[in-house]
Amino acid sequence: MTGPPTPGERGTRLDRLIVVLAACPLLAGTAAAHVGALGGAGTPQPVPFWLVALTGGGLVGGSFLFTSLMTDHETIRSVNASRLRMRSVAAFARTVRRGARALGVLGLLAVLAVALVGPAGSTNAAVLVVWVGWWAGYTATTYLVGNSWPALNPWRTLTELIPATERDLPDVGAWPATAGLLGLVWLEVVSPVASDPRFLALVVLGYTVVTLAGGARFGDAWFERVDPVARVFRLYGWLAPVQRTADGLALRVPGGTLPERELADRSEVAFVVALLWVTTFDGLVSTPAWNGLVGSVVDLGVPAPLVYLAATLAGFGVFLGGYRLASRYARRTAATYVSAVAIERRFAPALLPIAAGYHLAHYLGYVVGLSPALATAVTNPLTSPALQAVVLPGWFGGIALALVVVAHLVAVWVAHAIAFDLFPGRLQPIRSQYPFVVVMVAYTATSMWIVSQPFARPLAV
Amino acid sequence: MPAGAEADRCPYCDHPFRDATRLALHVGERHGDACTDAERTAYESARDEEGDELFMYHLRVIAALGVLYAVLVLVYMIVLA
């Protein structure tokens, strides 16, 4: 198409402008307010009304004189034709995704840099960003808003820069991911990764090496099947209101997509149960009763990390065994020929609201309490500010209890919907739920007990 | 499915069921537009029968809810007194 550019082709790309403007606050420094010695400068001077009217008239007459100076046709047209243009929503989405990928990689590099050269101690910006900002706060957005991790994942972006081989993954299901999740949580509990920035840097570097190697060798399948972090966010994303569809985004009832989700095999069920267990375990290890128990075992001479490892694995075994047992009984109460394994697979997505509700109950106070510390640390990454925490009101604990209950309510509803999808009739689905309800009631009571316990620092390991 | 057990199988999707009522309900719900008239009649009568059972079940559910409520109120009254 030759010829001069039409007014439609000129103009700025709106999508790029929005992303740049949105990024500006990240680059802004803090402003220092300053009160000048200009007392009395604000008192208005009275102006007689005839002078006001004369000024207005003069301005309008003057504007006519000014516009008569602009006589070039081209210039007149171009003033009216200037526009901001957004080519399409898809182009906007692409720009946002590119921005998210850049943000993810920059975030990773910043965390590594600050963890390595920033101040030692647990108020280091990297420590707060990773544990308060990312693991607590960002995870909450994946189930409260939507899963943005595939775009934000810095390791996925970095993998694309490495020449990849794209081999086929061996058929190990979700067991490596489950082992990875249990391992990461055990590490978080027994090591100073959540308080010592240098150790955090070491762990992040190690994780980066493993993930980049896996991603380079197996491609996207690594992030879809093996990487525990990506799988956690994907599962939490199933709960969220904002869902990706084939042609864009949709706003759903939170948890509404769960009855449609299929888990491929028993290993994926195991991962969901592991996710549930680790959120409970995280709360359990900071109760005084647990510390007493661990203390007595450690006094017998067993090293503490080993005790925690045994507890992680044993607890996971109890949860998985309990879930499998409930599925077997459900087969009996529903009087169905659907196999217990199929029941396990169909009902496992109903466990996800419980994990999410528990995560929020556990971390909401944590994020709110430490948000000023996070803000201070991020704006002053290389100095060592004193730890400021928001003191939470007494009724905040009630919110955590309510969240645990609400999470279980959502789970009961989702399980009800799944049962009605799986079994014919109206009574059989209801009867299939009896064993699960028994387990849910016990689990709710236990979770509420854990959440209401005073915080006890886990034993120094 | 346990080996050696006789089961009613769905003629459309070959899924086994423990008794004929369940099968009739399944055929009506899942294969409603493909089923024969006889199957549809069986479905409707199974559904009616189940409806009666469901009504009695719901009465028991409401009674259970009432008992649960009463117990909770009483326990709170005793504890907070």
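Residues numbered from 1 in each chain as written. Chains lettered and ligands numbered in written order. Predicted model: local features only at pLDDT ≥ 70, side-chain atom pairs only at ≥ 80, totals over all residues.

### Structural notes on the overall build of chain A
Helix and strand content of chain A: 19 helices and four strands. Whereas a compact globule of 461 residues would reach a radius of gyration of roughly 23 Å, chain A reaches 29 Å, over 25% beyond that. Residues classed as buried in chain A amount to 31% of the 461 residues present. The contacts in chain A between residues at least 6 apart in sequence include a share of 80% that link residues at least 24 apart. (Helix = DSSP H or I, 4+ residues; strand = E, 2+ residues; numbered from the N terminus. Rg over C-alpha atoms; globule rule 2.2 N^0.38 Å. Buried ≥ 20, exposed ≤ 12 C-beta atoms within 10 Å, placed from the backbone. Contact = placed C-beta atoms within 7 Å.)

### Comments concerning the overall build of chain B
A count of helical and extended segments in chain B gives two helices and two strands. Put simply, chain B runs from its N terminus to its C terminus through helices and strands in the order β-β-α-α. In terms of overall dimensions, chain B is more spread out than a globule: its C-alpha atoms have a radius of gyration of 21 Å, far above the 12 Å expected for 81 residues. The C-alpha extent of chain B, read off along each of the three principal axes, is 65 × 30 × 15 Å. Across the 81 residues in chain B, those meeting the buried criterion constitute 15%.

### Things to note about the nonpolar core
Ranked by internal contacts, the top residues of the largest apolar core, which has 94 residues, are Leu128, Val272, Val273, Ala274, Leu275 and Leu351 of chain A. When residues no more than four places from it in sequence are discounted, the contact partners of Leu275 of chain A are Leu181, Val232, Leu235 and Ala355 of chain A. Core analysis: the next-biggest nonpolar cluster, separate from the first, contains seven residues, Phe17, Leu23, Ala24 and Leu25 of chain B among them. (Core = buried A, V, L, I, M, F, W, Y, C linked by C-beta atoms within 7 Å.)

### Observations regarding helix 4 (residues 89-117) of chain A
The terminal C-alpha atoms of helix 4 of chain A lie 41 Å apart, and with 29 residues this matches the ideal 42 Å at 1.5 Å per residue to within 8%. Turning to helix 4 of chain A, its buried residues number three or more, namely Thr95, Gly104, Val111, Val114 and Ala115 of chain A. (Expected span 1.5 Å × (residues − 1).)

### Some points on helix 14 (residues 304-333) of chain A
Residue and element names in this part refer to chain A. Over its 30 residues, helix 14 extends 43 Å from the first C-alpha to the last, a length consistent with the 44 Å expected when each residue adds 1.5 Å. Restricting attention to buried positions, one finds in helix 14 the residues Tyr308, Thr312, Phe316, Phe319, Leu320, Tyr323, Ala326, Ser327, Ala330 and Arg331. Phi turns positive one or two residues past the end of helix 14, at Ala335, with a value near 50°.

### A look at the packing of helix 12 (residues 266-284) of chain A against helix 19 (residues 434-452) of chain A
Residue and element names in this part refer to chain A. Where helix 12 contacts helix 19, the two axes come as close as 9 Å, and the packing angle between them is 40°. Of the possible angle classes, the one that applies to helix 12 and helix 19 is oblique. Where helix 12 abuts helix 19, its residues Thr280, Gly283 and Leu284 lie against Ser447, Ile450 and Val451. For the contact of helix 12 with helix 19, the residue count by class is three nonpolar, three polar and no charged. (Axes fitted to C-alpha atoms, helices over the stretch in contact; angles between N-to-C directions. Parallel < 35°, antiparallel > 145°, perpendicular 65-115°, else oblique. Nonpolar A, V, L, I, M, F, W, Y, C, P; charged D, E, K, R; others polar.)

### Quick word on the packing of helix 8 (residues 175-190) of chain A against helix 12 of chain A
Residues and elements named next belong to chain A. At a minimum axis distance of 9 Å, the contact between helix 8 and helix 12 shows a crossing angle of 10°. For the element pair helix 8 / helix 12, the angle class is roughly parallel. For the pair helix 8 and helix 12, the contacting residues are Trp175, Ala177, Thr178, Leu181, Leu182 and Val185 in the first and Ser267, Ala270, Phe271, Ala274, Leu275, Val278, Phe281 and Asp282 in the second. Partitioned by chemical class, the residues of the contact of helix 8 with helix 12 number eleven nonpolar, two polar and one charged.

### With respect to unusual backbone geometry
We note that Ala335 of chain A has phi near 50°; this positive angle belongs to a residue other than glycine. Note on placement: Ala335 of chain A falls in the loop between helix 14 and helix 15 (340-347). Located in the positive-phi region is Asp14 of chain B, a residue other than glycine, with phi close to 65°. Along the chain, the position of Asp14 of chain B falls in the loop between strand 1 (8-9) and strand 2 (16-17).

### Some thoughts on the interface of chain B and chain A
Each partner contributes to the interface: chain B provides 13 residues, whereas chain A provides eight residues. Sorting the residues of the side of chain B that touches chain A by element identifies strand 2, helix 1 (20-30) and helix 2 (37-80) of chain B as the ones contributing at least two each. Residues of the side of chain B that touches chain A, tallied by class, amount to seven nonpolar, one polar and five charged.

### Brief notes about the confidence of the model for chain B
Scored by pLDDT, chain B comes out at a mean of 86, with 93% of its residues at no less than 70. Reported confidence for the predicted complex is 0.87 by ipTM and 0.82 by pTM. (pLDDT = per-residue confidence, 0-100.)

### Quick notes on the pairing of strand 3 (residues 242-245) of chain A
Residues and elements named next belong to chain A. Note: strand 3 against strand 4 (residues 248-251), four bridges, orientation antiparallel. Residue pairing across strands places Gln243 opposite Ala250, the latter belonging to strand 4. The turn linking strand 3 back onto strand 4 is made up of two residues. (Pairing = 2+ DSSP bridges.)

### Considerations on the environment of Leu392 of chain A
Within the secondary structure layout, Leu392 of chain A lies in the loop between helix 16 (352-379) and helix 17 (396-422). Excluding its chain neighbours within four sequence positions, the residues that come into contact with Leu392 of chain A are Gly365, Val368 and Gly369 of chain A.

### Thoughts on the confidence of the model for chain A
Looking at chain A as a whole, its pLDDT mean stands at 87, while 93% of the residues score no less than 70. The element-level mean pLDDT for chain A is lowest in strand 1 (residues 12-13) of chain A, coming to 65, with helix 11 (residues 228-237) of chain A highest at 94.

### Looking at the environment of Thr178 of chain A
Residue and element names in this part refer to chain A. Turning to its location among the elements, Thr178 is positioned in helix 8. A residue is classified by how many C-beta atoms lie within 10 Å of it, and Thr178, with 23 of them, is buried. Considered as a pair, Thr178 and Ala270 are 92 residues apart in the sequence and their alpha carbons are 7.0 Å apart. With residues up to four places along the chain from it excluded, the contact list for Thr178 reads Ser267, Ala270, Phe271 and Ala274.

### Structural notes on the environment of Arg87 of chain A
Tracing the sequence through the fold places Arg87 of chain A in the loop between strand 2 (84-85) and helix 4. A sequence separation of 72 residues divides Arg87 of chain A from Asp15 of chain A, and the C-alpha atoms of the two residues are 8.3 Å apart.

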